[in-house]
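This is what each chain is made of:
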Amino acid sequence: MLTPFREIIRDAHRRHYAVGAFNCLSVENVMGAIAAAEELHAPLILQLAEVQFPGAPMELMAPVFLQAARSAKVPVAVHLDHGQSPETCIRAIRAGFNSVMFDGAGLPLEENIAQTRMVARLAHAAGVDVEAELGRVGDTGFGGEGTGDAATADVFTDVGESARFIAETGIDALAIAIGNLHGRYIATPRLNIGRLREIDARNGIPLVLHGGSGTSEEDFKSCIGNGISKINVATAMQLAAMDETCSYIAGNASPNYIDLKNRITEASRRVVAAHIRLFESDGKA
């Protein structure tokens, strides 16, 4: 069932688990994600980032996301990930997304506050929830293979600034930087759980971890226990689809397109199911 973003993440925050937010670039990704969530009775967030629009145009993917959410037997939110401008957020709202992320983390603090506040006012007037980012999450190469590690994260989220940012923007969730990175890691990052604990204690709203594909199980558990209520997974979905495609083609003299699609759906289901269990959201729907 299509469910407000805030209801899903607030329940996660209250009951100390995290909801998986999966970047889906195809019908197969969506079908696999829904199947896993229904199998494990878990809430789910389907999302698409602006940088992914060239391969998965938002206006084409939105109806797929929305129909899948409405038909699902578990709560599902449909979310814009890393909207790079207020205009993109408005496009997503018009397309039917029930939550949007405005990413102004690369802007000076005052400008990030001003633009995020504007997006929040517009979105809330339309009944749409808002996530924003403060601090800079590093990047190994979004969705690709990079060479980053925790030392390349730009700026950790400041505790005092987080309180001011939340108060002045009215956002529903805050993505923070604590040493996490986007992309494919060549080494496990070292997260600053102490900083996370301080931010959570100061603010008491759902916090979001980006760059979830390479984090250790120990750090995931620490994050979930200290205020992280939403965890983004993108790279793991893409790698699973690529690995399944390569394996299938290498092992079949006459590969069949429909069979390949089915295998990508199943690979997506496995990835989502594994993360649902890791995030402790199974049985929470």
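The structure displayed is predicted, hence computed values, not measured ones. (Residues numbered from 1 in each chain as written. Predicted model: local features only at pLDDT ≥ 70, side-chain atom pairs only at ≥ 80, totals over all residues. Heavy atoms only, no water.)

Re the UniProt feature "binding site: Zn(2+) 1" (unreviewed entry) in the protein chain
Next up, step 1: Per the UniProt record, "binding site: Zn(2+) 1" (unreviewed entry) is annotated on His 82, His 182 and His 210.
Next up, step 2: Relative to the assigned elements, His 82 resides in strand 3 (residues 76–83).
Next up, step 3: Its relative accessible area of 8% is what places His 82 among the buried residues. (UniProt positions renumbered as here; feature names shortened; annotations may be inferred. Helix = DSSP H or I, 4+ residues; strand = E, 2+ residues; numbered from the N terminus. Buried < 20%, exposed > 50% of the residue type's maximum accessible area, 1.4 Å probe, protein only.)

A few points about the nonpolar core
Next up, step 1: In terms of nonpolar packing, the biggest core is built from 71 residues, with Leu 44, Leu 46, Val 100 and Leu 174 touching the most fellow members.
Next up, step 2: Among residues more than four places away in sequence, those in contact with Val 100 are His 79, Leu 80, Cys 89, Ala 92, Ile 93, Val 119, Ala 123, Val 128, Asp 129, Val 130 and Glu 131.
Next up, step 3: The next biggest cluster of nonpolar side chains, apart from the first, holds 13 residues, and it includes Ala 12, Val 19, Ile 45 and Ala 173. (Core = buried A, V, L, I, M, F, W, Y, C linked by side-chain atoms within 4.5 Å. Contact = heavy atoms within 4.5 Å.)

So, the environment of Ser 85
Next up, step 1: Along the chain, Ser 85 falls in the loop between strand 3 and helix 4 (86–95).
Next up, step 2: The buried category is assigned to Ser 85, whose relative accessible area is 18%.
Next up, step 3: Here the alpha-carbon distance between Ser 85 and Asp 103, two residues 18 residues apart in the chain, equals 7.5 Å.
Next up, step 4: A polar atom in the side chain of Ser 85 sits 3.1 Å from the backbone nitrogen of Thr 88. (Polar contact = N/O pair within 3.5 Å; in protein donor to acceptor, adjacent residues only side chain to side chain.)

Some words on the UniProt feature "active site" (unreviewed entry) in the protein chain
Next up, step 1: Residues annotated by UniProt as "active site" (unreviewed entry) correspond here to Asp 81.
Next up, step 2: You can see Asp 81 is positioned in strand 3.
Next up, step 3: The exposure class assigned to Asp 81 is buried, which follows from its relative accessible area of 1%.
Next up, step 4: When neighbours within four sequence positions are excluded, Asp 81 is seen to be in contact with Asn 23, Gln 47, Leu 48, Ala 49, Glu 50, Met 101, His 210 and Asn 232.

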